[in-house]
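Examination of the molecular architecture
In case you want the letters, here they are:
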Amino acid sequence: MSARPATRSAAPMDATTLAAHSARVMRWKPWELVVWALVWAAPFAAPQHAALINEIAILALFAVSLDLILGYAGIVSLGHAAFFGVGAYAAALLAKHLNPDPLLGLAFGAAVGAALGALTSPMIVRGSDLTRLMVTMGVALVLLELANKFDSLTGGADGLQGVVMGPVLGLFEFDLAARTASVYSLAVLFLAFVVLRRLVHTPFGMSLKALRDNRLRVAAIGLSVQGRLAVVYTLAAGLAGAAGALLAQTTGFASLDVLEFHRSADVMLALVIGGAGWLWGGLIGAIAFKLMHDLISAVTPQYWTFWIGLILVLLMLVGRERLFSPRRWFKRGGGA
Amino acid sequence: MTDIVLQTHHLVRRFGGLVATQDVSLSVERGARHALIGPNGAGKTTLINQLTGVLAPSEGRIELAGQDITALPAHRRVALGLVRTFQINQLWPTLTPLQSLALAVSSRLGASRRWWQALGADAAVARECEALLRQFRLEDHAERATAELPYGKRRLLEIALAVALRPQVLLLDEPAAGVPAGERQDILDTIAALPADVAVLLIEHDMDLVFSFARRMTVLVNGAVLTEGTPEQIAADPQVRAVYLGESLTGTRHEAPAATTLAGAAHG
């Protein structure tokens with residue numbers, strides 16, 4: 001681990017450079033391990049904040065899923081809540097009517113989210129960014145109204161009551177203080193993060209960045225632009241569905257709120273704050289967004305949106321790179 | 001030498017009332033050094049877009065190595081070996097040349113769907129990328145973001161990405177366009193050193209480059225093939241001189257370099 005190959009510079013190429021390069025990007029950097037250790041310590045060190053930690057973990061998973069399509073593949077979406085919402089309802093309905101096992105419900109929520117993603121992906125392939133913003137937002141609005149209309153299934157405006165989850169792995173009961181919930185959500189987030197962190201450095205992950213950079217050339221090297229977009233959109237939708245499932249399971253409740261526009265907007269805000277285009281952005285953004293929300297609301301309950309708006313304007317005008325992104329403090333490029 | 005690798009049959013493309021491609025039947029032999037020339041508005045770009053699958057022809061067929069590819073989408077044609085470069089660089093600015101090449105090579109080898117192994121962890125991909133970087137003199141820039149490369153180097157990467165796909169037919173769309181004089185020779189050398197078995201179809205305005213490179217030429221005027229032949233035949237053709245060369249080559253001053261480079265090409 002100590003012998004870092006010095007291949008950054010213009011050293012003469014040799015047959016191992018690319019292999020060394022790929023090994024280097026795959027390796028976890030020390031700060032990443034430290035941050036994850038701190039994140040993992042949180043629910044144990046501060047169990048009184050377990051509910052907040054649970055919310056952060058869920059938002060982080062949701063934001064990471066948005067990052068996959070927005071930050072990596074360059075698909076703008078203002079309707080990511082569509083997948084979050086169907087995942088939440090799917091998990092809640094499964095638990096209520098068929099099987100209360102959390103992992104089964106999680107898988108089901110992710111699968112339903114992914115299925116909706118696959119179904120709607122042809123709509124985001126063509127057109128401009130504005131088209132995509134409107135189409136994604138439209139899909140979420142349609143689903144919201146459908147959930148409202150079919151109240152015999154969803155509970156409509158009252159929400160889906162009486163969702164009782166079984167214990168995680170048959171061992172850990174969900175408790176009122178959300179201690180189990182926070183660790184459960186954190187574990188799912190961690191697993192997704194580890195897999196995605198690898199994924200983004202593979203040829204598949206690199207082809208997503210290539211899509212963002214220049215689709216014309218992606219087709220010109222023989223890759224199907226439509227095919228890739230469909231795959232990444234489905235994958236992201238599945239992750240969003242999993243995040244929604246986590247929320248429904250850990251709160252024992254699903255309501256129209258999971259499909260509301262503000263969810264799509266919040267997750268984009270969180271991602272923008274943390275930085276799109278690197279996986280840590282979703283995580284850091286979710287933490288920052290939720291903590292800011294909690295702190296600012298505690299001081300001035302009415303003016304939370306004023307402050308978040310101001311921060312957003314600053315971020316966009318001054319540039320997140322200059323304000324927050326750690327990778328820019330040290331060097332260009334690289335990062336996770 | 002009757003091994004035709006790319007062929008069009010009576011290709012027609014209309015835009016409303018305008019006929020941009022008129023009954024074009026073109027044959028490119030394996031290993032050809034074929035130039036497609038014509039004045040502005042002759043329909044070169046429209047023809048290229050049909051060959052590569054950006055535009056569908058209104059009528060006619062396109063065959064690649066005997067296979068009808070008229071209805072195939074662009075990326076499938078690439079997989080079959082019909083590869084192009086762009087007149088205006090189409091690169092990935094945030095990726096490094098090494099990553100870009102690795103992606104292209106992975107795509108060709110069918111490794112691009114891998115989602116667990118790092119890009120370039122495959123030894124075969126890595127070896128090929130190193131070779132391409134050397135061949136295109138990009139070793140010193142391998143790990144910089146493409147956006148930061150000098151223009152000439154980006155132009156080389158544009159061609160390298162195409163060569164990485166091991167094409168049967170390579171369409172070079174004005175490869176030297178916009179390259180400053182100092183970096184031009186790199187491009188010319190690179191084009192001259194392209195593998196002999198690759199059929200190259202060159203679209204170019206630069207007559208020095210065309211005459212030094214092409215062994216066969218097709219002249220396109222108003223969407224139709226005016227004539228086709230060896231560079232000597234084209235240079236001597238009064239029709240061509242009238243409609244095309246007359247515009248850019250004024251009298252004897254420009255004839256001389258063309259003739260000398262022709263002689264050079266004949267020796268090489």
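Residues numbered from 1 in each chain as written. Chains lettered and ligands numbered in written order. Predicted model: local features only at pLDDT ≥ 70, side-chain atom pairs only at ≥ 80, totals over all residues.

Considering the overall build of chain B
What chain B contains, in helices and strands, is ten helices and eleven strands. In chain B, which comprises 268 residues, the proportion classed as buried is 44%. For chain B, the proportion of contacts with a sequence separation of at least 24, taken over those separated by at least 6, is 66%. (Helix = DSSP H or I, 4+ residues; strand = E, 2+ residues; numbered from the N terminus. Buried ≥ 20, exposed ≤ 12 C-beta atoms within 10 Å, placed from the backbone. Contact = placed C-beta atoms within 7 Å.)

Observations concerning the overall build of chain A
Helix and strand counts for chain A stand at 17 helices and zero strands. Counting only residues that meet the buried cut, chain A has 48% of its 336 residues in that class. Partitioning the intrachain contacts of chain A with sequence separation of at least 6 by distance along the chain shows that 77% fall at a separation of at least 24.

A few points about the confidence of the model for chain A
Residues and elements named next belong to chain A. Put simply, chain A has an average pLDDT of 85, and 90% of its residues get 70 or more. Ranking the elements of chain A by mean pLDDT puts helix α17 (residues 326–330) last, at 53, and helix α5 (residues 102–120) first, at 95. Segment residues 1–15 is flagged for pLDDT under 50; beyond a separation of four residues in sequence, or across chains, it makes 16 contacts in the model. A low-confidence stretch, residues 331–336 (pLDDT under 50), is modelled with nine contacts involving residues beyond four sequence positions or located in other chains. (pLDDT = per-residue confidence, 0-100.)

Some words on the pairing of strand β11 (residues 224–229) of chain B
The two faces of the sheet receive side chains in turn, since in a regular strand these alternate between them. For strand β10 (residues 216–221) of chain B and β11(B), the ladder comprises five bridges, and the chain directions are antiparallel. Its bridge partner being in β11(B), B:V221 is matched across the sheet by B:A224. (Pairing = 2+ DSSP bridges.)

Observations regarding the nonpolar core
Within the largest apolar cluster, 174 residues are counted, with the highest numbers of intra-cluster contacts made by A:L61, A:V64 and B:L101. Element by element, the count of residues in this core is highest for helix α3 (residues 50–72) of chain A, at 16 residues. Sequence-distant contacts of B:L101, defined by excluding residues within four places in its chain, comprise B:C129, B:L132, B:L133, B:A160, B:L161 and B:A164. (Core = buried A, V, L, I, M, F, W, Y, C linked by C-beta atoms within 7 Å.)

As for the interface of chain B and chain A
Across the boundary between the two partners, chain B contributes 43 residues, which contact 33 residues of chain A. Looking at which element gives the most residues to the side of chain B that touches chain A, the answer is helix α3 (residues 97–109) of chain B, with eight residues. Here the residues of the side of chain B that touches chain A are counted per class, giving 24 nonpolar, nine polar and ten charged. (Nonpolar A, V, L, I, M, F, W, Y, C, P; charged D, E, K, R; others polar.)

Some details on the confidence of the model for chain B
Residue and element names in this part refer to chain B. In the predicted model, chain B carries a mean pLDDT of 84, and the fraction of residues at 70 or more is 88%. Averaged over each element, pLDDT in chain B is lowest for helix α10 (residues 255–267) (39) and highest for strand β7 (residues 82–84) (94). Across residues 249–268 the pLDDT falls below 50, and counting only partners more than four positions away or on other chains, this stretch makes 15 contacts in the model. Scored as a whole, the predicted complex attains pTM 0.84, and scored at its interfaces, ipTM 0.82.

Describing helix α10 (residues 203–213) of chain A
Counting buried positions along α10(A) gives nine out of eleven residues, so the element sits mostly inside the fold. Looking at α10(A), one finds that the buried residues are A:P203, A:F204, A:G205, A:M206, A:S207, A:L208, A:A210, A:L211 and A:R212. If you follow the buried residues of α10(A), they end up packed against α3, α9 (179–199), α11 (215–220) and α12 (225–251) of chain A together with α3 of chain B.

A few points about the packing of α3(A) against α12(A)
Residues and elements named next belong to chain A. Two numbers describe how α3 lies on α12: the axes approach to 8 Å, and their chain directions differ by 170 degrees. In terms of their interaxial angle, α3 and α12 are classed as roughly antiparallel. When α3 is examined against α12, the residues N54, I58, L61, F62, V64, S65, L66, L68 and I69 are found in contact with a partner set consisting of V232, Y233, L235, A236, L239, A240, A242, A243, L246, L247 and T250. Taken together, the residues of the contact of α3 with α12 sort by class into 17 nonpolar, three polar and no charged. (Axes fitted to C-alpha atoms, helices over the stretch in contact; angles between N-to-C directions. Parallel < 35°, antiparallel > 145°, perpendicular 65-115°, else oblique.)

A short note on the environment of A:N99
All names here are of chain A. When you line up the elements, N99 lands in the loop between α4 (81–97) and α5. A tally of 12 C-beta atoms within 10 Å means that N99 is categorised as exposed. Look past the residues within four positions of N99 in its chain and what remains in contact with it is L94 and L104.

Re the environment of B:T8
Residues and elements named next belong to chain B. Considering the arrangement of structural elements, one finds T8 in strand β1 (residues 4–15). For T8 and D237, which are 229 residues apart along the polypeptide, the C-alpha to C-alpha distance reads 24 Å. Residues in contact with T8, not counting those within four places in the same chain, are V24, S25, L26, G60 and I62.

Brief notes about the sheet that holds strand β9 (residues 199–203) of chain B
Residues and elements named next belong to chain B. Spatial ordering of the open sheet is given by β7-β8-β9-β4-β10-β11, a layout of six strands whose pairing is mixed. Each end of this open sheet is capped by a strand with a single partner; those strands are β7 and β11. For this sheet, the mean inter-axis angle between neighbouring strands, taken without regard to orientation, is 20 degrees. Sheet strands touched by helix α1 (residues 44–52): β4 (33–37), β7, β8 (169–173), β9 and β10. Its angle to β8, the strand with the most contacts, is close to 150 degrees.

Considerations on the environment of A:R217
Along the chain, the position of A:R217 falls in helix α11. Using a count of 23 C-beta atoms within 10 Å as the deciding quantity, one classes A:R217 as buried. What A:R217 contacts, discounting residues up to four positions off in sequence, is A:A210, B:Q90, B:L91 and B:W92.

Here we look at unusual backbone geometry
All names here are of chain B. Of note, R137 is a non-glycine position whose phi angle comes to about 55 degrees, a positive value. Of note, R137 is situated in the loop between α4 (123–135) and α5 (151–163). Notably, R166 is not glycine yet its phi reads approximately 45 degrees, a positive angle.

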